[in-house]
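Okay, here's what each chain looks like letter by letter:
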Amino acid sequence: QVQLVESGGGLVQPGGSLRLSCAASGFAFTNYRMSWYRQAPGKGRELVAGITEGGGTTNYAGSVKGRFTISRDNAKSTVFLQMNSLKPDDTAVYYCRADWLAIRRFYWGQGTQVTVSS
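Note that the structure is a prediction, hence the values are computed from the model and not measured.

(A) Main features of the sheet that holds strand 3 (residues 18–25). Strand order in the open sheet formed by 4 strands is 1-3-8-7, with antiparallel pairing between adjacent strands. Only two strands of the sheet have a single neighbouring strand rather than two, namely strand 1 (3–7) and strand 7 (68–73). Across the sheet, the mean angle separating the axes of adjacent strands is 15° when strand polarity is ignored. Looking at chain direction, strand 3 and strand 8 (residues 78–83) are connected through 6 bridges and run antiparallel. Within strand 8, the position partnered with Arg19 by the bridge is Gln82.

This is the structure in structure tokens:
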């Protein structure tokens, strides 16, 4: 059974930090590129950050570059998103996604809420 389980969301003040985790199971984690997406109320889902299968290459949305860091631990089948200097505009549900590009297979997690407010 494929599972992507996000955790680490919550309420934080502007300028604060959170670390999201996404634990994967039920599939060959190292075959998959991993990404974090987010969806704010009334908006579409947008790509926040991505990391290649081996972790050697990362990419970020312009709005989070320099503040967020994506990483992965292939031994633990887990991907992380370290979020620093959080802003109210970062408020959204954050989703983890796994992509096996060669066969066009992908999975989504259930999401975790991040709220940045004073």
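On we go.
(B) Quick look at the packing of aromatic side chains. Here the structure, examined in full by the defined rule, presents 6 aromatic pairs. Centre to centre, the rings of Phe27 and Tyr107 are 5.1 Å apart; their planes meet at 40°, and the pair counts as tilted. Placement of Phe27 in the loop between strand 3 and strand 4 (33–39) and of Tyr107 in strand 10 (residues 105–108) is noted, with a sequence separation of 80 residues between them. Since its relative accessible area comes to 16%, Phe27 is described here as buried. Note on Tyr32 and Trp100: the rings are 5.6 Å apart at their centroids and 65° apart in plane angle, and the pair reads as edge-to-face. Placement of the pair is Tyr32 in the loop between strand 3 and strand 4 and Trp100 in strand 9 (residues 92–100), with a sequence separation of 68 residues. Here Tyr32 falls in the buried class, since its relative accessible area comes to 1%. One aromatic cluster is present, formed by Phe27, Tyr32, Trp100 and Tyr107 through successive ring pairs.

(C) Region of interest: the environment of Ser118. With respect to the helices and strands, Ser118 occurs in the segment after strand 11 (112–116). Sequence separation between Ser118 and Val12 is 106 residues, and the spatial gap between their C-alpha atoms is 7.6 Å.

(D) Region of interest: the state of the cysteines. Tallied over the full model, the rule gives 1 disulfide. Two residues, Cys22 and Cys96, share a disulfide whose sulfurs are 2.2 Å apart. In this structure the cystine formed by Cys22 and Cys96 twists about its S-S bond by roughly -80°; its chirality is therefore left-handed. Remark: Cys96 occurs in strand 9 and Cys22 occurs in strand 3; sequence separation between them is 74 residues. Cys96 sits in the buried class, given a relative accessible area of 0%.

(E) Looking closely at the pairing of strand 9. For strand 9, the tally of buried residues reaches 7 of 9 residues, placing the bulk of the element in the interior. Bridge count between strand 4 and strand 9: 7 bridges; the pairing is antiparallel. Residue Arg33 lies in a different strand from strand 9, and its bridge partner there is Asp99. Bridge count between strand 9 and strand 10: 4 bridges; the pairing is antiparallel. Following the sheet pairing, Arg97 is matched in strand 10 by Trp108.

Quick notes on the rules
- Residues numbered from 1 in each chain as written.
- Predicted model: local features only at pLDDT ≥ 70, side-chain atom pairs only at ≥ 80, totals over all residues.
- Heavy atoms only, no water.
- Pairing = 2+ DSSP bridges.
- Helix = DSSP H or I, 4+ residues; strand = E, 2+ residues; numbered from the N terminus.
- Axes fitted to C-alpha atoms, helices over the stretch in contact; angles between N-to-C directions.
- Phe/Tyr/Trp six-rings, centres within 6.5 Å; stacked < 30°, edge-to-face > 60°.
- Buried < 20%, exposed > 50% of the residue type's maximum accessible area, 1.4 Å probe, protein only.
- Disulfide = S-S within 2.5 Å.

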